[in-house]
Amino acid sequence: MNLIKKNLDKFILMAYIIIPTVSFAQVKGGAPCSVSGKICNPIAPINTIQEFIQIFLQGVLRIGIPILALAIIYCGFLFVQAQGKPDELTKAKDTLLYTLIGAAILLGSWAIAILISETVLAL
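Here goes a summary of the coordinates provided. (Residues numbered from 1 in each chain as written. Predicted model: local features only at pLDDT ≥ 70, side-chain atom pairs only at ≥ 80, totals over all residues. Heavy atoms only, no water.)

It is worth spelling out a nonpolar patch on the surface at this point. A cluster of nonpolar side chains, Ile 49, Phe 52, Ile 53, Phe 56 and Val 60, forms an exposed patch at the surface whose accessible area comes to about 470 Å². Tracing the sequence through the fold places Ile 49 in helix H4 (residues 49-82). (Patch = residues over 30% accessible without salt bridge, like charges linked within 9 Å, V, L, I, M, F, W, Y side chains within 5 Å. Areas by Shrake-Rupley, 256 points an atom, 1.4 Å probe, with all protein chains shown as cover. Salt bridge = Lys/Arg side-chain N within 4 Å of Asp/Glu carboxyl O. Helix = DSSP H or I, 4+ residues; strand = E, 2+ residues; numbered from the N terminus.)

As a further point, take the side chain of Thr 99. Inspection of the secondary structure assignment puts Thr 99 in helix H5 (residues 86-122). Reaching out from Thr 99, the side chain makes a polar contact with the backbone oxygen of Thr 95 at a distance of 2.7 Å. (Polar contact = N/O pair within 3.5 Å; in protein donor to acceptor, adjacent residues only side chain to side chain.)

Turning our attention to H5. An ideal rise of 1.5 Å per residue puts 54 Å on 37 residues; H5 measures up with 53 Å between its terminal C-alpha atoms. Of all bends in H5, the biggest is about 35°, found at Gly 108. By the burial criterion, the buried members of H5 are Ala 92, Thr 95, Thr 99, Ala 103, Leu 106, Ala 113 and Ser 117. Considering only its buried residues, H5 is in contact with H4. (Expected span 1.5 Å × (residues − 1). Bend = angle between axes of the 7 residues up to and from the residue. Buried < 20%, exposed > 50% of the residue type's maximum accessible area, 1.4 Å probe, protein only. Contact = heavy atoms within 4.5 Å.)

Moving on, we get to the environment of Gly 102. Mapped onto the fold, Gly 102 is located in helix H5. A residue is classified by how much of its surface remains accessible, and Gly 102, at 33% relative accessible area, is partly exposed.

The next thing to look at is the packing of H4 against H5. Put simply, H4 and H5 touch, their axes get as near as 9 Å, and they point 165° apart. Taken together, the axis directions place H4 and H5 in an arrangement best described as roughly antiparallel. Crossing hand, H4 versus H5: left-handed. Across the contact of H4 with H5, the residue classes break down as 23 nonpolar, nine polar and two charged. (Axes fitted to C-alpha atoms, helices over the stretch in contact; angles between N-to-C directions. Parallel < 35°, antiparallel > 145°, perpendicular 65-115°, else oblique. Left-handed = near helix turned anticlockwise from the far one by under 90°. Nonpolar A, V, L, I, M, F, W, Y, C, P; charged D, E, K, R; others polar.)

All quantities given are derived from atomic positions and should not be read as evidence of function.
Listed below in structure tokens is the structure:
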């Protein structure tokens, strides 16, 4: 019991990793690959690298945008907590700057991926 209490956060993290993996391990509209005896493509609807990058970036954006919103809220709390102290105000400004740089990279990744994809397809 002590082991479970000590490592509860690790068990929860593993549950969040394993449960989606198991639930997505089946082919849509058919039996799982292991039951049918065939070797199946685990990412069946994806046939090209461009489609893979598009789906991957959509997933990253769906996860990243809420994290970005929470980071901006955290920066606001840092500004309120600083109460005019120069050291803490500098920390809050730096945190906001890094958050905005991360937001630009996150939101710009989609535009960069489309640009690269169109350039490669044009060749």
